[in-house]
Every structure is written in C-alpha cells, then in structure tokens.
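Report on the structure
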Amino acid sequence: MSETDATGQMQFGLFSVSDITQDPTTGVTPSEAERIQATLTIAKHAEEVGLDVFAIGEHHNPPFWSSSPTTTLAYIAAQTERLIVSTATTLITTNDPVKIAEDFAVLQHVSGGRADLMLGRGNTGPVYPWFGKDIRQGLPLAIENYALLHKLWREDIVDWEGKFRTPLQGFTSTPRPLDGVPPFVWHGSIRTPEIAEQAAYYGDGFFANNIFWPAEHYQRLIELYRQRWAHYGHGDPETAIVGLGGQAFMRKNSQDAINEFRPYFDNAPVYGHGPSMEDFTKMTPLTVGSPQQVIDRYAGMRDLFGDYQRQLFLMDHSGLPLKTVLEQIDILGGEVVPVLRKELAKNRPATVPDAPTHAGLVKAAYGDGPVRQPRPNANRGDNVTGGSPYQDTPTPQGAAFGLGGAR
Amino acid sequence: MSAARRVAVVAAGLSTPSSTRMLADRLSAAVVKHLDERGITASVDTFELRDVAHDITNNMLTGFAGAELESMINTVVSADALIVVTPIFSTSYSGMFKSFIDVLDKDSLIGKPVLIGATAGTPRHSLAIDYAIRPLFAYLHADTVSTGVFAASDDWGSGGDQVATLGDRIEKGAAELADAVARRDPATSSDPFDPANYLHGGSSFDHLLGGFAGD
C-alpha cells in the first residue's frame, strides 16, 4: 500500500473518447501525434486542478487513437501522484480476458494501486469480426469473459473451459494483483439490464455514461442495479457503487458558452446535425452555460440516481482545441468540483460507501492483518502438478482474497 | 365482458388531413365495432408520424427517442393490436414509415396482431401491401392478418370498386383483426428491466452464467 487515500466520498474526473476530430471553427484536424500528446497534457492537468480520475476509451479504428489504453495510462500514472487512471471502456467482448487480467495487474503495480477499469461491450460493430468474434454474441461474450477475468485475479491456478476461448489448464495470470486485491471493476452499460445484473451479482460498480440518453433510461438501470445488489446480499441498495458520466461546456457568461460551443455541438460526431443544442441539453445532462448552471445540474444528479461515488466528465471531444479544453478543466477543477464535493457531501448517509480506492479494498480484504505478497517458486514449467506456484505468506483467516494460494 | 384492450394506430400520411388518416380512422372505428360485437371493449390511440417526424430522424442520429416519440413507441408496442397505414411512395411504404419501423426494437412487435392499410393515387399500387409491407412485418414476426386494405383516390368517390367496396374491405380486415385480438389474452407489458424477463425465468445471474462459464 504505497498510496494515500486522498479521494474520499466522491471521485471527480474526466473520461475521454480519444476522437481526433476536425475543429469546425478552423478546419484544422490534429495529427495523431498532436492529439495523443494533448491527451497526456489533459490527463496531467486533471490532477493539477484537483480532479481524481482520468479514464480513456478503447477504439480500433480511425478517427480514434486509443487502441492500447494501459500503455497510455501507465505513462499518465508515472507522470502523476494521486490521479486514478481508468478506462471508459475496456472491451470485455473482443479482448482476451487473460490479456486484460495481465495488463491491468501490471498497471495496478506500476501505478501503485491507482488503476481501475470499466468494462463495456463497445459500440463499433466491425471490431467484433476484426477480433474474430460475432457481434450477435456480444452479451454472452461479456458474461463469459468476465467470469474468467474475475477468476484469474482471484485464483492463482485456473482450470477453465468456456465457449469462446481456448481452455486453460493450470494457468496462472501474472503478476498477481497488487497486494492480492484485484483492480476495482465498473460495468458500463447504456441499455442492458443483464449488465446491471452482472455488476450487482459480483458486487462490482455500475457506471452509466449518462451522456447520450435522457436520464430516465439510466435511472431504470441504476435502480435495477441497486435492487439486485441488495438481492445478492451485498448490502442495502444505497450501498451499491455507482458512477455517472456527464458533459459540460462553461464560460463565465452562459451566452458566451452557448455561442462558443454551438459549432462543436452542431458538428459533433455523435449528435451533430441531429437535435438542436437546446433540445439536447434539455434531454440529456449536457450543460452549456455558466459554472453555476453546471453545479446546479450535477448537484441534482443524486436526486435522480441516489448518492453515488464517481462523476466523470467528457470535456475533450468534437474537435475542441487543447487550449479550450485546458480552460474547461480549470473551471471544472477550480469552480465546479469543489462546490459539488460540498453539495454532494451534505446529508450523505453514513451508510453510503466512499468511492473505491486500492487502499480501501486492501483494508476491506485484510483489515489490519498482513497483506499477501506472493513470491514465485523457481519455474518448474507447469502448474498442473504439485502445489502452488508461489511461496506464499500465510493467508489470514477469513480473508476474501488469496485463498487460491493456500489450497 | 372481458378485459379492455388497446388498439394503436400509426398513420404515415403527410398532408393534414390525409387520405391515409381517413383510412386509419375508418379501420380503427371498424375494429372497435367488431371487438364490441365480440364483447370486448377497446380504446384507440392514433398517432400521425408527421407529428414526430423530427424525433424519428433525431432518434436515428442520436440513438435515443425524444420524450414524445418514446411515449408513442411505448404505447404502440404495448398495445393489443396495431393498425398501420402508409401512403405508397415509389412502389413501397413511405420513407418516414420505414424510418419509424427502423427505430423500433426489432423484437418489439413479435406476435402482435397487425392490420395493414395503404393509400395511393391509383389502384395500380394495390399489391404494394403484399410485396412490400407484408414482408416487413413478416421480418418483425408480427402476426399480420391476411386482408390488407388498400384505398386509391377513386375509392373515396364514385370511381372505386363497386363489387368489393372500400367499406367491405375495411369490414373484412377489421373483423380479422378483432378475431386475432379476441383469440389472445390481453397484452401484458414485458418490462425489459424485470429480472424474470431478462433472466429468462431464472432467479439469479447464475442462470446466465451457467450457459457460458465452464467451471
């Protein structure tokens, strides 16, 4: 446990799609190199202004660049002190769960426990065939792959056979998760009750991206997730771990914000040339106006969804130039988030858990007892015969993790 | 007297008033009458796609339905029966009609009793019901009644078919739809957020996991 828990009840941060979009006001499209460097600058700036999280998406086609999120996040973690690095989302459908287990365990170690991840199915159809999968199997893939991922992080030796991946006999995913505690997992979904069910079943977090659709859609999903969380015995509905997306563009005077953002809205890849910005801001949580308007809108989120743990904002999309994005992050970190932290702390029941951190998970797993630090035995070339591949520290009684090494 | 039923009517006419709406109203009135004769009380919700045309386009672009369109879609897919009437443009249903169908969940009309109506300037387009519209509802696994009601401009005056009149055709289609409704239990809402529905009868995620994870 090298990090300190400075984040507390709520985590605020950014999530980026990694789109490389022409600035509609200048006609300039950044190069991949420029946009990648800009994203690194944005992530570092998030920490500078007091934000807690930076998350990035995963894409495998232009005009996006983020094909290898853990590479990017490892760099960002190395350049920051407190920032939690995460994804939005990691494709649980088309990635090999073994590689996800390995990549994020390494990220956990190199970041000193400042890494978690959000799983999603992805929204780009051709990614499935590019990775040898069938989009019609999207949900079964998400369910089976996560079942394996969950196991790989919790059991030192995994025997496994499923429908979609070659079987594993005596497989050990290395390195073992930092301190024997898997990275916190958020399950992201915009419409699928089975994914809310999955998050509840495992006692994981649920993230509603909350930016494309009216709040009512996400309300139903989050309510379902909270109910099912209780159904599976993880605690009362209010103890479930909820994250929300959001979207804002701010200037001191709201009319300036509206005028400046409109060309970006009108030409945005996702909603451009569709509903008017006025309609869209009414229908979705996109807020274009003064910092106070953003505060009012987002302070009201818990009335819709209950007290929650993580709020991420999409700030760097649709061709907004780096300078503008950094100004937006200054406003977010300087004026909006400090007020939101106070507002959302008011009347927050003590039973609502704090936002998940590595330190919190370690504490939950071990209490004040010794933390598992596995040391491998000399390589004997197989895991099928013999006992544990690790010289294990004794597993404390009643520990939720690390039992695999004891068998 | 059995439980009250709901009939949804979708009319894709462009002008106001349109002959498409006129046909839709004639069909829905006839269906209510035939249901009443079978001891079934029915209410009717009639929608003109023109009223939500922008919302339909926005739905295609953004992936979600605005409030008015969403409420309409919910009313349509939860009805006991559906009457659809579209003008025939360029040998087929209108683009707006197809766009509306395209924003519906593809499973949302499975088993739904549907009566098809269509309008056009001349009777030479009448087979469009059978070569264009009926296959669309077959794809959606709707339960379309065998009679489709086509009205050409002449049908509204003296130049229509004097043997099988528009009125006769409306009665025939309406009776078939009323029979289809009467054969069924009242529609129950299949809330997609009800675990009993998405877990396919199981009570736990284990039920989904069981099929996929091989411990």
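Quick look at the overall build of chain A now. Summing up its helical and strand segments, chain A has 13 helices and 14 strands in all. Whereas a compact globule of 407 residues would reach a radius of gyration of roughly 22 Å, chain A reaches 21 Å, a difference of no more than 12%. Across the 407 residues of chain A, 48% fall into the buried class.

The next subject is the overall build of chain B. What chain B contains, in helices and strands, is 8 helices and 7 strands. Radius of gyration (C-alpha) of chain B: 19 Å, near the 17 Å computed for a compact globule of 215 residues. Judged by the C-alpha coordinates and their principal axes, chain B covers about 75 × 45 × 30 Å. Long-range pairs, those at least 24 residues apart, make up 77% of the contacts in chain B with a sequence separation of at least 6.

A separate point is the nonpolar core. Judged by nonpolar contacts, the single largest core of 163 residues is most densely connected at Phe206 and Tyr225 of chain A together with Val10, Leu27, Leu49 and Ile83 of chain B. The element that contributes the greatest number of residues to this core is helix H5 (residues 138-152) of chain A, accounting for 8 residues. Discounting chain neighbours no more than four positions away, the residues touching Val10 of chain B are Phe47, Leu49, Val76, Leu82, Val84 and Phe100 of chain B.

Of the residues in chain B, 97% reach a pLDDT of 70 or more, and the chain-wide mean stands at 93. As a predicted assembly, this complex carries a pTM of 0.89 together with an ipTM value of 0.81.

The next point concerns the interface of chain A and chain B. Between chain A and chain B, the contact holds 24 residues from the first and 17 residues from the second. For the side of chain A that touches chain B, the secondary structure elements donating two or more residues are H5, helix H6 (193-202) and helix H7 (215-231) of chain A. Residue contributions to the side of chain A that touches chain B peak at 5 residues, all from H6 of chain A. Of the residues belonging to the side of chain A that touches chain B, the class tally is 13 nonpolar, 4 polar and 7 charged.

On to the pairing of strand S9 (residues 205-208) of chain A, then. Taken residue by residue, a regular strand's side chains alternate between the two faces of the sheet. Residues and elements named next belong to chain A. What you see with S9 is no split at all: Gly205 and Phe207 on one side and Phe206 and Ala208 on the other are buried throughout. Bridge analysis of strand S8 (residues 185-188) against S9 gives 3 bridges, and the strand direction is parallel. The residue bridging His187 from the neighbouring strand is Phe206, located in S9. Considered for its hand, the β-α-β crossover made up of S8, H6 and S9 is right-handed.

A word on helix H5 (residues 128-139) of chain B. All names here are of chain B. Over its 12 residues, H5 extends 16 Å from the first C-alpha to the last, a length consistent with the 16 Å expected when each residue adds 1.5 Å. Taken as a whole, H5 has its buried residues at Ala128, Ile129 and Ile133. Projection of H5 onto a plane perpendicular to its axis shows the buried side chains occupying an angular sector of 80 degrees, all on one side. Structural note: H5 exposes Tyr131, Pro135, Ala138 and Tyr139 on the side pointing more than 90 degrees away from its buried face. Lining the buried residues of H5 we find strand S3 (81-89), strand S4 (92-93), strand S5 (113-120) and strand S7 (149-152). Following H5 by one or two positions, His141 has its phi on the positive side, about 60 degrees.

In terms of burial, H6 of chain A is a largely internal element, 8 of the 10 residues being buried. Each element contacted by the buried residues of H6 of chain A is listed here: H5, S8, S9 and H7 of chain A together with helix H7 (195-198) of chain B. Just downstream of H6 of chain A lies Gly203 of chain A, where phi reads positive at about 70 degrees.

Before going further, it helps to examine the packing of helix H10 (residues 291-299) of chain A against helix H12 (residues 322-345) of chain A. All names here are of chain A. Between H10 and H12, whose axes approach to 10 Å, the crossing angle comes to 35 degrees. In this structure, H10 meets H12 at a crossing whose hand is right-handed. Only Ile331, Glu335, Val336, Val339, Leu340, Glu343 and Leu344 of H12 make contact with H10, whose side of the interface consists of Pro291, Val294, Ile295, Tyr298 and Ala299. Broken down by class, the residue content of the contact of H10 with H12 amounts to 10 nonpolar, no polar and 2 charged.

Moving on: the pairing of strand S2 (residues 53-56) of chain A. All names here are of chain A. Burial along S2 is two-sided: Val53 and Ala55 and Phe54 and Ile56, pointing in opposite directions, are all buried. As judged from the 4 bridges shared by strand S1 (residues 11-16) and S2, these two strands associate in the parallel manner. Across the sheet, the residue bridging to Ser16 is Ile56, located in S2. Assessed by its sense of winding, the connection that carries the chain from S1 through helix H1 (residues 32-48) to S2 is right-handed. One ladder, built from 4 bridges, connects S2 with strand S3 (residues 84-87); its direction is parallel. Following the sheet pairing, Phe54 is matched in S3 by Val85. Tracing the backbone out of S2, into helix H2 (residues 69-78) and back to the parallel element S3 gives a crossover that is right-handed.

Note that Gly113 of chain A resides in the loop between helix H3 (97-110) and strand S5 (117-120). For the pair Gly113 of chain A and Ala359 of chain A, spaced 246 residues apart in sequence, the C-alpha to C-alpha distance is 7.7 Å.

A few words on unusual backbone geometry. That bond from Pro62 of chain A to Pro63 of chain A is cis: its omega, 10 degrees, falls within 30 degrees of zero. Assignment of secondary structure puts Pro63 of chain A in the loop between S2 and H2. Pro17 of chain B follows Thr16 of chain B through a cis peptide bond whose omega is -5 degrees. Checked against the element boundaries, Pro17 of chain B lands in the loop between strand S1 (2-11) and helix H1 (19-37). One non-glycine residue, Ser18 of chain A, lies in the positive phi region at around 75 degrees.

Looking now at the confidence of the model for chain A. Residue and element names in this part refer to chain A. Per-residue pLDDT for chain A averages 92, and the proportion of residues at 70 or more is 93%. Under a pLDDT of 50 for its full length, residues 1-7 has, in the predicted model, 19 contacts with residues more than four places off or in other chains. Residue range residues 395-400 is modelled with pLDDT below 50. Its contacts to residues more than four positions away, or to other chains, number 11 contacts.

A few words on the environment of His317 of chain A. Residues and elements named next belong to chain A. Position of His317 relative to the elements: it lies in the loop between strand S12 (310-314) and H12. A residue is classified by how many C-beta atoms lie within 10 Å of it, and His317, with 19 of them, is partly exposed. Once residues lying within four places of it in the same chain are set aside, the contact partners of His317 are Val17, Asp19 and Thr21.

Residues and elements named next belong to chain A. The contact between H2 and H3 brings their axes to 10 Å, and the two run at 5 degrees. The angle between the axes of H2 and H3 places the two elements in the roughly parallel class. On the side of H2, the interface is formed by Thr70, Leu73, Ala74 and Ala77, while H3 contributes Asp103, Phe104, Leu107 and Val110. When its residues are assigned to classes, the contact of H2 with H3 shows 6 nonpolar, 1 polar and 1 charged.

Quick notes on the rules
- Residue indices begin from 1 for each chain and proceed along its sequence in written order.
- Note on labels: chains are lettered from A, ligands numbered from 1, in written order.
- Thresholds applied to this predicted model are a pLDDT of at least 70 for local features of residues and 80 or more for the giving and counting of side-chain atom pairs; totals over whole chains, interfaces and linings are not thresholded and use all residues.
- Strands here mean DSSP runs of E at least two residues long; helices mean DSSP runs of H or I at least four residues long; both are numbered from the N terminus.
- As defined in this context, the radius of gyration uses C-alpha atoms, and a globule is described by 2.2 Å times the residue total to the power 0.38.
- Note on burial: count the other C-beta atoms lying within 10 Å of the residue's C-beta; 20 or more is buried, 12 or fewer is exposed, in between is partly exposed, and C-beta positions come from the backbone.
- Note that contacts rest on C-beta atoms placed from the backbone: two residues are in contact if these are within 7 Å.
- In these notes, a nonpolar core means any group of buried Ala, Val, Leu, Ile, Met, Phe, Trp, Tyr and Cys residues linked to one another through C-beta atoms within 7 Å.
- Confidence of the predictor at the level of single residues is given by pLDDT, which spans 0 to 100.
- Polarity classes work like this: nonpolar for Ala, Val, Leu, Ile, Met, Phe, Trp, Tyr, Cys and Pro, charged for Asp, Glu, Lys and Arg, and polar for all others, with Gly in that last group.
- Any two strands are treated as partners once DSSP identifies two or more bridges connecting them.
- Whether a crossover is right-handed depends on one test, that the path from the first strand over the helix to the second runs clockwise when the strands point away from the viewer.
- Helix span, expected: 1.5 Å multiplied by one less than the number of residues in the helix.
- Arc, as used here, means the arc of the directions from the helix axis to the C-beta atoms.
- Axis geometry follows a simple rule: fit a line to the C-alpha atoms, using only the stretch in contact for helices, then measure angles between N-to-C directions, giving values from 0 to 180 degrees.
- Each crossing is labelled by how the near helix is turned from the far one, with a counterclockwise turn of less than a right angle marking it left-handed and a clockwise turn marking it right-handed.
- Convention used here: angles under 35 degrees read as roughly parallel, angles over 145 as roughly antiparallel, angles from 65 to 115 as roughly perpendicular, and any remaining angle as oblique.

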